[in-house]
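Fold and geometry: a report
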Amino acid sequence: MTNGFPSGFTWGAATASYQVEGAINADGRGPSIWDTFANTPGTIADGSTGDVAVDHYHRFADDIRMLADLGLTAYRFSIAWPRIMPTGTVNQPGLDFYRRLAETCLANGMTPYATLYHWDLPQPLEDAGGWLVRDTAERFRDYAAVTHDALSDVVKHWMTLNEPWCSAFLGYGSGEHAPGRTEGTDALKAVHHLLLGHGLALDAIRSEGGSYGIALNPAPIHAATDSPADRDAARRIDGLRNRLFLEPLLSGQYPADVLEDTGMSDWFAAQEADLPLIGAPLDFLGVNYYCPTTVAAPDGPISTPRASDQPGSENVVAVDPGLPKTQMGWSVQASGLRDILVSINKLAPELPLYVTENGSAYPDVVTADGQVEDDERLDYLRQHVAVCKDLVTEGFPLKGYFAWSLLDNFEWAWGYSRRFGIVYVDYATQQRIVKKSGRWLQDFVG
Ligand code: NCW
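Rules used in this analysis
- Residues numbered from 1 in each chain as written.
- Predicted model: local features only at pLDDT ≥ 70, side-chain atom pairs only at ≥ 80, totals over all residues.
- Heavy atoms only, no water.
- UniProt positions renumbered as here; feature names shortened; annotations may be inferred.
- Helix = DSSP H or I, 4+ residues; strand = E, 2+ residues; numbered from the N terminus.
- Buried < 20%, exposed > 50% of the residue type's maximum accessible area, 1.4 Å probe, protein only.
- Contact = heavy atoms within 4.5 Å.
- 1 Å grid on protein atoms, 1.4 Å probe; cavity = no way out; pocket = protein on both sides within 12 Å on 5 of 7 lines; lining within 4 Å.
- Points joined across faces, edges and corners; volume = space filled by probe spheres on them.
- Nonpolar A, V, L, I, M, F, W, Y, C, P; charged D, E, K, R; others polar.
- Near = heavy atom within 4 Å.
- Polar contact = N/O pair within 3.5 Å; in protein donor to acceptor, adjacent residues only side chain to side chain.
- Core = buried A, V, L, I, M, F, W, Y, C linked by side-chain atoms within 4.5 Å.

Under an unreviewed UniProt entry, the name given to the protein is Beta-glucosidase, and the organism recorded is Kribbella karoonensis. Within the UniProt record for the protein, the comment given under Sequence similarities (unreviewed entry) is "Belongs to the glycosyl hydrolase 1 family."

Right, dumping it as structure tokens:
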């Protein structure tokens, strides 16, 4: 192909249910932890909620047609658990919605990639303990099995979880995300129950003709200096961000140093029987990549944006590496995408990888003639796609790239104040405008 990618390479864009759907009371949907959290004063930067979001629930057919017009071949969306099993029993209209969505993808020549959990836990399950309790993993298996049974004729590509790091550490550690709990090292119990949920679900749904994986958000972690203290800081954060997920999934064991640092070795030892399920083979791994992270011990050269509140990282601070930043404050470094993919490939040389999310937030402006000239996002996209091209050319098992996001949307704790879309959304009118970055991608893949 003229763009240097093989013709079978998957080009897509991604969204997540609570961020785009709205229609929170439609067709029997129950409340999720994000409904509760967003309606709690002080949690969301602009005081907004996902009640309406970008109304994708009602506009999905137009949105999918637009995606197809962009020349992309795949749509990664997430299924809202509270639409399918709001209280533990199956809500057929919820399944019907995702069947319509998947069928619309297929009718437009788009391959659907479904994520079963992109953070919207049914509130009743949180009330029963959320991801801190083992039962939630078993309920996730039940929901996954029902959903897969109902949709596996139209959806062949499945991801169990999206970024369990965020669910555990932002949801139960720092409290920046729903359910907003600050439980210290108990957040590691959430990590285990999420991974167990993944393993139980995979075991329940894996079948001939399907392809099954999980999407993580690993990142290269750099020490600010070569000092032993800074290098130890990098080891800790690499442990919590990367190895705590990659090692049980790909090698069937937890990293001992992370469990020791956090004082959780005994608790994890008691869960050892779960490891074969968690480490069962994957058909692919999804990598969501945005930026690298540089860390130091606290007496290093500190200038910290959002020092993460992760347990075990008390002696670690984030350091500004002086790279250009997006509006999220996230450093732009496309070579970090290569670094993280290569390091995962070393752990699992045969495993097919996808970039399941990659993108950037910048403040967009609609010009007088109705255009969005998002040159910075276009540059970000171009640089990261170039890294993918190099890897594919070298024979690396990278199978696809999904831009985050198809649409501007509800950016979690940032509300509508951060835009990641390759398509602009006017939130007052729900009008969509393909941004210059979206046009660039269209030209590139076309
Ligand atoms: S917040 C986040 N995101 C964004 C979100 O819109 C999407 O749903 C997620 O899958 C864009 O992609 C993901 N990820 C959280 C990354 C947090 C990294 C913070 C590091 C602090 C040390």
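Still more to cover.
1. Observations regarding the side chain of Arg419
Residue position: Arg419 is located in the loop between strand E11 (398–404) and strand E12 (423–426). What makes Arg419 buried here is its relative accessible area of 13%. Those residues in contact with Arg419 that lie beyond four places of it in its chain are Ser360, Ala361, Tyr362, Asp364, Arg377, Asp408, Tyr424, Val425, Tyr427 and Lys435.

2. Details of the layout of surface pockets
Computed from the structure, the second largest pocket encloses a volume of approximately 190 Å³. Lining the second largest pocket are 13 residues, and of these Ala219, Asp238, Asn242, Ile340 and Ser343 lie nearest its centre. Listing elements by their share of the lining of the second largest pocket, those giving two or more residues are helix H10 (228–251) and helix H14 (335–347). Taken together, the residues that form the lining of the second largest pocket break down as seven nonpolar, two polar and four charged.

3. Considering the site of the ligand
Around the ligand sit 18 residues in total, of which Gln19, His118, Tyr290, Glu357 and Glu411 are the nearest. Glu163 places a side-chain nitrogen or oxygen 3.2 Å from a nitrogen atom of the ligand. Tyr290 is positioned such that a nitrogen or oxygen atom in its side chain is 2.7 Å from an oxygen atom of the ligand. Of the residues that constitute the shell around the ligand, the class distribution is seven nonpolar, six polar and five charged.

4. Focus on the environment of Ala14
Turning to its location among the elements, Ala14 is positioned in strand E1 (residues 10–14). Other than its neighbours up to four places away in sequence, Ala14 contacts Arg76, Thr356, Phe402, Ala403, Trp404, Ser405 and Leu406.

5. Examining the nonpolar core
Within soluble globular proteins, side chains that are nonpolar generally end up buried alongside one another. If you look at the biggest cluster of nonpolar residues, it comprises 138 residues, and the most contacted ones within it are Trp34, Leu72, Leu244, Leu285 and Leu341. Residue contributions to this core peak at nine residues, all from helix H9 (residues 187–205). Residues within four places of Trp34 in sequence aside, it is in contact with Tyr18, Ile44, Trp119, Asp120, His177, Ala178, Phe410, Trp412 and Ala413. Core analysis: the second largest hydrophobic core is formed by six residues, Ile221, Ala234, Val295 and Val316 among them.

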